[in-house]
Amino acid sequence: MAETPVDPTKSLYNSGQIQVLKGLEAVRKRPGMYIGSTSSRGLHHLVYEVVDNSIDEAMAGYCTHIDVTIHPDDSVTVVDDGRGIPVDIHPTEKVPGVELAMTVLHAGGKFDKSNYKVSGGLHGVGVSVVNALSEWLEVEVRRDGRLWHQRYHQGIKQKELEDMGPAEGTGTRVFFRPDREIFTETRFNLETLSARLREMAFLNKGLRISIRDERLEEPVEEVFQYEGGLAAFVNYLRGSRQPLHEPPLYFETEKPEAEIELAMQYDEGFSENTHTFVNNINTHEGGTHVTGLKAALTRTLNDYAKKNNLLKKADQSLSGDDVREGMTCVLSVRVMEPQFEGQTKTKLGNSEVRGAVETAVNEQLAIWLDENPKAAKAIIEKSLQAARARAAARKARDLARKKNALEGGVLPGKLADCSLSDPSMTEIFIVEGDSAGGSAKQGRDRSFQAILPIKGKILNVERARIDKILSNTEVRAMITAIGAGIRDDFDLSNARYGKIIIMTDADVDGAHIRTLLLTFFFRQMRELIEAGSIYIAQPPLYRVGKGKEEYYAYSEDQRTEIVKRLTNGKGEEARGLNIQRYKGLGEMNPDQLWNTTMDPDSRTILQVTMDSAAEADAIFSRLMGDDVEPRRQFIEKNARYVRNLDV
Ligand code: 0RA
């Protein structure tokens, strides 16, 4: 029954095959060029790349289910119920379509462009890159009543595509194990993958995406499927903030230049939460669609307010910032030939999209306001309040400026500054508590390390308005020490330090303070996160001493490992070991703090990134909003979200 669709007498090494081997070799030589990095981030990109192909099939209208499984050995399966990758022999390449997809760079499945109107996938490098970087990969295709199978090792086929016999349905299954010779991190983070898959489900209304983690004794499964699409996304992002109206404004419309989908809702909070996507790609850097959206919001809300005599003075108008305060908004556009620009290729350049989005939002928002006068009034009233608060904040800032408080000049008294001033060399540790601050000041290298101790719980910036935030002592100390201003006035080029390192105790209180600090940076100095300047210090949990030797453990696993090594496997009961659990940074002497946590040559610090800004936003809202319960649950579960930000 096995039937080989390629003439077996033909040499494996015709010129096409040699090209293929060269291409995959290039990927293995310089993986970073194709997937960004070989760390945790690159590892997760492998899964995104495979899933993106299935999502393209869903966007084309042929796929309704995608199931992702993480197996106990950190191999992954992605199954979809799409049409299945074609298996017939390509007329010029003389190999099955599926083999082209697996071995030819950028083929992906889109080797025939007519198959897809629009397609997503940030990297668009194609599944062949995943194949090249996998110890092994198996692909299975169900098509035309049969099941087809092929296996690869490090991108090289082990056999020709094989017909495995009759099968029902259609679809594609890709099963792979990332190559340990390539990746420095090979464990998948469930939360990271879930966050991304959840986002994809929100963006593709009705599509069912599941993830199953078989690495735990009790496998866990999560299913993401949202009939509400972006409206459900906005609801999720809003978290526990009180809505000003329900349901969110929602529309879908088709213009010649783009398909446009939007959901928007105002709440009693003070931040703006806008997330925008083009062909399922998060456009962190904005672009023409965002310009169109903002212009339409400002214009239509002002028009409505004027028409209904809601503005106090005839010449009063609402600014863009005013009308976006307390707004959660998700915009998703689909365009045929997107042009991505910017540092991270996440800024839309197509000029025709601006007008399309602007017109659509003008039209739809005007209709919605007319049909929802109560909501409209609440939104305008809120924008007017925002305008007043902004005026008050300006006053407060001017006042502060006079006292030199926010513009550098007088640095906070508690700051132990460093002697160098070139930010590419310098770093500041924001340290919880005066006693730990004292140890850090003594232990540091004062040439390039500055220390700012802060007291316990800083103000919860999610719940406070700008004028109040600016009057908080701890917050002011951070703003002055960093020296780059806040929000719209923030200027990265004025930052006095290249790295801002949050150093808190390795306990629940420490996690809480870290959350507060991250919220502060997320809301007030987001560019610092975007620039990759915010880090989390990793103090050790244990010191294991044996005679004169000492070792530090940063996790329970590490402690077990060290004890095993020092006792030749006998365990902790063996005598001569002195195990100390650090309850706080203050228990370490200055030398220990330097050696374990501060010395750039030996420390580990986690970089906080914006990769999953939408997810971070939801977490912040959930944790920092008015509801106590989610916060309590979170603290009980502990501060694992930093990993989400980090990957
Ligand atoms: C090329 C053409 C067609 C489907 C696909 C590729 C396809 C690729 C992937 C990758 C993962 N899942 C996928 N599902 C489909 C359409 C072929 C036709 O016209 O039937």
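Structural data are supplied above this passage.
Just so we're clear, the structure is a prediction, and the values are computed from it rather than from any experiment. Sequence positions are assigned chain by chain, starting from 1 and proceeding in written order. Two thresholds apply to this predicted model, a pLDDT of at least 70 for residue-level local features and 80 or more for giving and counting side-chain atom pairs, whereas whole-chain, interface and lining totals are computed over all residues. Water and hydrogen atoms play no part in the side-chain values, which are based on all heavy atoms of the structure.

The helix and strand inventory of the protein stands at 21 helices and 24 strands. Across the 647 residues of the protein, 55% fall into the buried class. For the protein, the proportion of contacts with a sequence separation of at least 24, taken over those separated by at least 6, is 70%. A total of about 28,900 Å² of accessible surface is found on the protein, and carbon and sulfur atoms cover 48% of it. In this text, helices come from DSSP runs of H or I with a minimum length of four residues, and strands from runs of E with a minimum of two, each type numbered from the N-terminal end. For each residue, the accessible area found with a 1.4 Å probe, counting protein chains only, is set against the maximum for its type, and the residue is called buried under 20%, exposed over 50%, and partly exposed in between. Two residues form a contact once any of their heavy atoms are found within 4.5 Å. In this description, accessible areas are obtained by the Shrake-Rupley approach with a 1.4 Å probe, and a residue is regarded as covered only by the protein chains that are shown.

For the rest of this paragraph, the subject is the environment of Asp 370. Of note, Asp 370 is situated in helix α10 (residues 351–371). Each C-alpha atom, one on Asp 370 and one on Tyr 304, is 8.5 Å from the other, the two residues being 66 residues apart in sequence. In this structure Asp 370 touches Tyr 304 and Lys 307, once residues within four positions along its chain are discounted.

Attention shifts here to helix α18 (residues 590–598). Buried residues of α18: Pro 590, Gln 592, Leu 593, Thr 596, Thr 597 and Met 598, and no others. Axial view of α18: buried residues confined to an arc of 150°, hence all on one face. Regarding the arc, it is the one traced by the directions from the helix axis to the C-beta atoms.

A few words now on the pattern of salt bridges. Salt bridges are defined by distance alone: a side-chain nitrogen of Lys or Arg within 4 Å of a carboxyl oxygen of Asp or Glu. On inspection of all chains with the given rule, the structure shows 36 salt bridges. Of the charged contacts in the structure, one is a salt bridge between Lys 29 and Glu 25, with a shortest N-O distance of 3.8 Å. Taken as a pair, Lys 29 and Glu 25 lie in helix α1 (residues 15–29) at a separation of 4 residues, close to a single helical turn. Assessed through its relative accessible area of 66%, Lys 29 is described here as exposed.

Below, the discussion takes up the packing of helix α12 (residues 434–443) against α18. At a closest axis distance of 8 Å, the pairing of α12 and α18 adopts a crossing angle of 80°. In terms of orientation, α12 lies roughly perpendicular with respect to α18. Across from Ala 436, Ser 439, Ala 440, Gln 442 and Gly 443 in α12, the residues of α18 making contact are Pro 590, Leu 593, Trp 594 and Met 598. In this classification, the charged set is Asp, Glu, Lys and Arg, the nonpolar set is Ala, Val, Leu, Ile, Met, Phe, Trp, Tyr, Cys and Pro, and all remaining amino acids, among them Gly, are polar. Its residues assigned to classes, the contact of α12 with α18 shows 6 nonpolar, 3 polar and no charged. Where helices are involved, their axes are fitted lines through C-alpha atoms of the stretch in contact, as for all axes, and angles between N-to-C directions lie from 0 to 180°. Oblique is the label for any angle not covered by the other classes, which are roughly parallel (under 35 degrees), roughly antiparallel (over 145) and roughly perpendicular (65 to 115).

Among buried residues, the Ala, Val, Leu, Ile, Met, Phe, Trp, Tyr and Cys ones that are joined through side-chain atoms within 4.5 Å form a nonpolar core. Val 68, Met 102 and Phe 176 are the most contacted members of the largest nonpolar core, which has 63 residues in total. The element that contributes the greatest number of residues to this core is helix α3 (residues 40–59), accounting for 9 residues. The next biggest cluster of nonpolar side chains, apart from the first, holds 38 residues, and it includes Met 478, Ala 484, Ile 513 and Leu 528.

Before going further, it helps to examine the side chain of Arg 238. Along the chain, Arg 238 turns up in helix α7 (residues 230–238). The buried category is assigned to Arg 238, whose relative accessible area is 7%. Among residues more than four places away in sequence, those in contact with Arg 238 are Pro 243, Glu 246, Gln 265, Asp 267, Thr 328 and Ser 621.

What follows is about the environment of Asp 213. Looking at the secondary structure, you find Asp 213 in strand β8 (residues 208–213). Residues Asp 213 and Phe 188 lie 25 residues apart in sequence; the distance between their C-alpha atoms is 9.7 Å. Under this definition, polar contacts are N or O atom pairs within 3.5 Å; protein pairs additionally need one hydrogen-donor-capable and one acceptor-capable atom, and for neighbouring residues in sequence, both atoms have to be side-chain atoms. Within polar-contact distance, the side chain of Asp 213 engages the side chain of Arg 215 at 2.9 Å.

Helices are assigned an expected span. That span is 1.5 Å times one less than the residue count. Here α3 is 20 residues long and its end C-alpha atoms lie 28 Å apart, about the 28 Å a rise of 1.5 Å per residue gives. The buried fraction of α3 is high, at 19 of 20 residues. Phi turns positive, to about 95°, at Gly 61, one or two residues after α3.

The N-to-C vectors of helix α8 (residues 288–307) and α10 enclose an angle of 30°; their axes lie 7 Å apart at closest approach. Taken together, the axes of α8 and α10 lie roughly parallel to each other. Judged by the twist between their axes, the crossing of α8 over α10 is right-handed. For the contact of α8 with α10, the class distribution of residues is 12 nonpolar, 7 polar and 5 charged. The hand of a helix crossing depends on one turn: near helix anticlockwise from the far one by less than a right angle means left-handed, and clockwise means right-handed.

Both the distance between ring centres and the angle between the ring planes are used here to describe each pair of aromatic rings. Only Phe, Tyr and Trp rings are paired, with Trp represented by its six-membered ring, and only when their centres lie within 6.5 Å; those with planes under 30 degrees apart are stacked, over 60 edge-to-face, the remainder tilted. Applying the stated rule across the entire model yields 6 aromatic pairs. Ring centres of Phe 233 and Phe 277 lie 6.1 Å apart, and the angle between their planes is 40°; on these two criteria the pair is classed as tilted. Of this pair, Phe 233 sits in helix α7 while Phe 277 sits in strand β12 (residues 273–278), placing them 44 residues apart in sequence. Judged by its relative accessible area of 0%, Phe 277 is buried. Comment: the charge-over-ring label is applied if NZ (Lys) or CZ (Arg) is within 6 Å of the ring centre and within 35 degrees of the ring normal. Above the face of the Tyr 551 ring, Arg 565 is positioned so that its terminal group lies 5.3 Å from the ring centre.

Okay, the side chain of Glu 138 next. Among the secondary structure elements, Glu 138 is positioned in strand β3 (residues 134–143). In this structure the side chain of Glu 138 is engaged in a polar contact, spanning 3.0 Å, whose partner is the side chain of His 149. Side chain to side chain, Glu 138 and Arg 151 meet in a polar contact 2.6 Å long. Filtering out sequence-adjacent residues up to four positions away, Glu 138 remains in contact with His 149, Gln 150, Arg 151, Arg 173, Val 174 and Phe 175.

Right, let's get into the sheet that holds strand β21 (residues 542–546). Only strands that DSSP links by at least two bridges are regarded as paired with each other. Taken in spatial order, the 3 strands make up an open sheet running β22-β21-β23, and their pairing is antiparallel. One side of each edge strand has no neighbouring strand; the edge strands of this open sheet are β22 (549–553) and β23 (577–581). Taken over all neighbouring pairs, the strand axes of this sheet differ in orientation by 20° on average, direction set aside. By the bridge criterion, 5 bridges tie β21 to β23 in an arrangement that is antiparallel. Bridge pairing in β23 links Lys 546 to Leu 577.

The buried fraction of β12 is high, at 5 of 6 residues. Here β12 runs beside strand β14 (residues 327–334); their pairing, made up of 6 bridges, is parallel. Counted as the bridge partner of Val 278 is Val 333 from β14. In the sheet, β12 pairs with strand β13 (residues 281–282) via 2 bridges, with the strands oriented antiparallel. Pairing of Phe 277 across the sheet is with Asn 282, part of β13. Counting the residues in the hairpin turn of β12 and β13 gives 2 residues, including Asn 279, whose phi is positive at 50°.

With respect to topology, 5 strands assemble into an open sheet ordered β10-β11-β14-β12-β13, the strand pairing being mixed. Each edge of the open sheet carries a strand with a single partner, namely β10 (249–254) and β13. Bridge count for strand β11 (residues 259–266) against β14 is 8 bridges, and the pairing is antiparallel. Paired with Ala 263 across the strands is Val 330, a residue of β14.

This part covers unusual backbone geometry. Each neighbour pair has its own omega, and for Glu 246 with Pro 247 the value is -5°, a cis peptide bond. Note on placement: Pro 247 falls in the loop between α7 and β10. One non-glycine residue with positive phi stands out, namely Asp 74, at about 60°. Even without being a glycine, Lys 94 presents a positive backbone phi close to 65°. Mapped onto the fold, Lys 94 is located in the loop between β2 (76–80) and α4 (97–103). Of the residues examined, Lys 94 reaches a relative accessible area of 43% and is grouped as partly exposed.

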